[in-house]
Amino acid sequence: MARTSLKDRIKQGLLLLDGAMGTQLLTSGIEVGKCNDYLNIESPDIVSDIHRAYLQAGSVAVLTNTFGANKFALARHGLAEEVERINTAGAKIARQAAGKEKYILGDIGPSGDFLKPLGDLEPKDLKDAFIQQAKALLAGGVDGFIIETMTALDEAAIAIEAVKSVSGDLPVFASFAFDRSGGDYRTMMGVDVESAVSKAISLGVDAVGFNCGSAMLDEYVELAEKFVSAAKASDKDTLVLAEPNAGKPELVDGKAVYKVSPEDFASAAEKIHLLGVNIIGGCCGTTPKHIEAIAQKLRR
Ligand SMILES: [Zn+2]
């Protein structure tokens, strides 16, 4: 019997995602600066254990460990030739952990570079790189895609177009990293909520939202409110997704530390959910305990 497709599942109410991968890898002893994505080849068990911990905590969908597995980001580790292998392996690891009941989202992060004239990237090369990554994730069996931690609108748009050109019927989510600056929320590249939401929706995403960034918990709640009203204004039934960090990182001994407790995180997640956000997870600093706390609070 075929299970509900992710596209149908997201219409049925809360979809609990996972928490952070990167900060959990650091906790497992992986050094800062290492290529996390290459662990899919080198140490698949470490990645698999993190997926399993989130699934056990209550995640209904987990993100593949492929955030930096586009050609440009991998090139910084001398791994530009390994795009296919790393992404397909990442999807297979997640698939194996999630089984047939739960879902896996192919995770696509930014290139880490800028498009011309700000940087060196040509739009066509960037699009090709995202297509290459998305195809390799598809080959590994993903149920959908999440393009996340985007800060530049032009790069996000290219990523969405690229993924949608190969995703067929699978859902595509797009998520931006916002900071509070002055009285307003903007990405590092100056994009405001309305522009991010309207662009993503015009390109046909199934969900648009925010992740990461450096906001306090209350600010993420406020951000959720802005996203929900911007999405409503679009006249389509695009969903909103939220993956806040465990608060604003504090620097302790040169390391970023996230101090928000699972209970406080779950309270913020509940407020965000009550505003109308149905796809919720956590970004940097969140752990299986944070996800478990949300599951207990919201899944009745
Ligand atoms: Zn993050």
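Basis of the calculations
- Each chain carries its own residue numbering, running from 1 in the written order of its sequence.
- Given that the model is predicted, a residue must reach a pLDDT of at least 70 before its local features are reported, and side-chain atom pairs must reach 80 or more before they are shown or counted; all residues, however, enter totals for whole chains, interfaces and linings.
- Heavy atoms from the whole structure form the basis of all side-chain values; hydrogens and water molecules are not counted.
- Numbering of helices and strands runs from the N terminus; a helix is a DSSP stretch of H or I covering at least four residues, while a strand is a stretch of E covering at least two.
- A helix is expected to reach a length of 1.5 Å times the quantity of its residues less one.
- Any pair of residues with heavy atoms lying within 4.5 Å of one another is described as a contacting pair.
- The pairing test for Phe, Tyr and Trp rings, Trp by its six-membered ring, is centres within 6.5 Å, and the orientation test on the planes gives stacked under 30 degrees, edge-to-face over 60, and tilted for anything in between.
- We call a residue buried when its accessible area falls under 20% of the maximum for its residue type, exposed when it is over 50%, and partly exposed in between, using a 1.4 Å probe and counting protein chains only.
- Metal coordination here is assigned from N, O and S atoms located within 2.8 Å of the ion, or within 3.2 Å for Na, K and Ca; omission of water means that sites may look incomplete.
- Only buried Ala, Val, Leu, Ile, Met, Phe, Trp, Tyr and Cys residues count toward a nonpolar core, and they belong to the same one when joined by side-chain atoms within 4.5 Å.
- Note on pairing: two strands pair once DSSP finds at least 2 bridges between them.
- Clockwise travel from the first strand over the helix to the second, with the strands pointing away from the viewer, marks a crossover as right-handed.
- The patch calculation keeps residues exceeding 30% relative accessible area without a salt bridge and links them within 9 Å when they carry like charges or within 5 Å when they are nonpolar (Val, Leu, Ile, Met, Phe, Trp, Tyr).
- Only the protein chains shown count as cover for residues, with accessible areas throughout obtained via the Shrake-Rupley method and a probe of 1.4 Å.
- Salt bridge, as used here: a side-chain nitrogen of Lys or Arg that lies within 4 Å of a carboxyl oxygen of Asp or Glu.
- A 1.4 Å probe that fits but cannot get out identifies a cavity on a 1 Å grid over protein atoms alone, an open set with protein on both sides within 12 Å along at least five of seven lines counts as a pocket, and a residue lines either if it has an atom within 4 Å of a point.
- Grid points are joined across faces, edges and corners, and a volume is the space filled by probe spheres set on the points.
- Three residue categories are used. Nonpolar comprises Ala, Val, Leu, Ile, Met, Phe, Trp, Tyr, Cys and Pro, charged comprises Asp, Glu, Lys and Arg, and polar comprises the others, including Gly.
- Every axis in this analysis is a line fitted to C-alpha atoms, fitted for helices over the stretch in contact. Angles between the N-to-C directions lie between 0 and 180 degrees.
- Angle categories: roughly parallel below 35 degrees, roughly antiparallel above 145, roughly perpendicular from 65 to 115, and oblique for all the rest.
- Crossing handedness follows the turn of the near helix against the far one: under a right angle anticlockwise gives a left-handed crossing, and clockwise gives a right-handed one.

*Asks:* Help me out: how do you make sense of helix H7 (residues 123-139) in this one?
*Replies:* What sets the pattern is the α-helix's 3.6 residues per turn: residues three or four places apart point alike. Here H7 spans 24 Å end to end across 17 residues, near enough to the 24 Å set by a 1.5 Å rise per residue. In this structure, the buried side of H7 is in contact with helix H5 (71-75), helix H6 (83-98), strand S3 (103-108), strand S4 (144-150) and helix H8 (153-164). Among the residues trailing H7, Gly141 stands out with phi positive, at a value near 100 degrees.

*Asks:* Would you take a moment to explain the packing of aromatic side chains for this structure?
*Replies:* Pairs of aromatic rings are described using the distance from one ring centre to the other and the angle between the two planes. With the rule as written, the count across this model stands at three aromatic pairs. Measuring from centroid to centroid gives 6.2 Å for Phe210 and Tyr220, while their planes differ by 10 degrees, and the two rings are stacked. On the criterion of sequence distance, the pair formed by Phe210 in strand S8 (residues 207-211) and Tyr220 in helix H10 (residues 217-232) is long-range, its members being 10 residues apart. Of the residues examined, Tyr220 reaches a relative accessible area of 1% and is grouped as buried. An aromatic cluster is present here, built from Phe178, Phe210, Tyr220 and Phe227 joined pairwise through their rings.

*Asks:* For this particular structure, what's the right way to read the coordination of the zinc ion?
*Replies:* Six octahedral donors at a metal ideally form angles of 90 or 180 degrees, and four tetrahedral donors ideally form angles of 109.5 degrees. Bound to the zinc ion are the protein donor atoms Cys212 (SG), Cys283 (SG) and Cys284 (SG), situated 2.2 to 2.3 Å from the metal. For the zinc ion, the donor residues sit on a single chain with the sequence spacing C-x70-C-C. Owing to a relative accessible area of 11%, Cys283 belongs among the buried residues under this scheme.

*Asks:* Got a minute to help me understand the nonpolar core in this structure?
*Replies:* Note that soluble globular proteins tend to have their nonpolar side chains buried in a common cluster. Residues Phe178, Phe227 and Ile294 are the most contacted members of the largest nonpolar core, which totals 80 residues. Looking at which element gives the most residues to this core, the answer is H10, with nine residues. Contacts of Ile294, omitting those with residues within four sequence positions, involve Leu16, Phe265, Ala266, Ala269, Ile280 and Arg299. Membership of the second largest hydrophobic core comes to 15 residues, among which are Leu17, Val60, Ala61 and Leu239.

*Asks:* Explain the pairing of strand S9 (residues 239-243) to me, please; I cannot follow it from the model alone.
*Replies:* Within a regular strand, the side chains alternate between the two sheet faces. Most of S9 is tucked away, with five of its five residues classed as buried. Here S9 shows no split at all, with Leu239, Leu241 and Glu243 on one side and Val240 and Ala242 on the other all buried. Here S8 runs beside S9; their pairing, made up of five bridges, is parallel. Across the sheet, Val208 pairs through a bridge with Val240, a residue of S9. Running through H10, the crossover from S8 to the neighbouring parallel element S9 is right-handed. The pairing of S9 with strand S12 (residues 279-280) spans two bridges and is classified as parallel.

*Asks:* Please explain a nonpolar patch on the surface as it appears in this structure.
*Replies:* Residues Phe114, Leu118, Met188 and Met189 make up a contiguous nonpolar surface patch of about 400 Å² in total accessible area. Within the secondary structure, Leu118 sits in the loop between S3 and H7. Since its relative accessible area comes to 62%, Leu118 is described here as exposed.

*Asks:* What should I look at first to understand unusual backbone geometry in this one?
*Replies:* Note: most residues except glycine have negative phi, and most peptide bonds are trans. With omega at 5 degrees, the peptide bond leading from Lys116 into Pro117 counts as cis. With respect to the helices and strands, Pro117 occurs in the loop between S3 and H7. With a phi angle near 60 degrees, Cys212 is a residue other than glycine that sits in the positive phi range. In this fold, Cys212 is placed in the loop between S8 and H10.

*Asks:* It is not clear to me how the layout of surface pockets should be interpreted in this structure. Could you clarify?
*Replies:* Using a probe with the size of a water molecule, rolled over the atoms, empty space left in the structure can be pinpointed. Its volume calculated, the second largest pocket comes out at about 230 Å³. For the lining of the second largest pocket, a count of residues per class yields four nonpolar, two polar and five charged.

*Asks:* Any chance you could explain the packing of H7 against H8 here in plain terms?
*Replies:* Packed helix pairs are specified by the crossing angle of their axes together with the interaxial distance, meaning the distance between the axes. Where H7 meets H8, the closest approach of the two axes is 8 Å, and the angle between their N-to-C directions is 45 degrees. Taken together, H7 and H8 sit at an angle that is classed as oblique. For H7 against H8, the interelement crossing comes out right-handed. Along its contact with H7, which presents Pro123, Leu126, Lys127, Phe130, Ile131 and Ala134, the element H8 presents Glu155, Ile158, Ala159, Glu161, Ala162 and Val163.

*Asks:* I tried to follow the environment of Ile41 on my own but got confused; where do I start?
*Replies:* Counting through the fold element by element, Ile41 comes out in helix H3 (residues 39-42). Residue Ile41 is classed as partly exposed on the basis of its relative accessible area of 24%. Linking Ile41 and Gly19, residues 22 residues apart in sequence, is a C-alpha distance of 22 Å. Those residues in contact with Ile41 that lie beyond four places of it in its chain are Arg85, Ile86 and Ala89.

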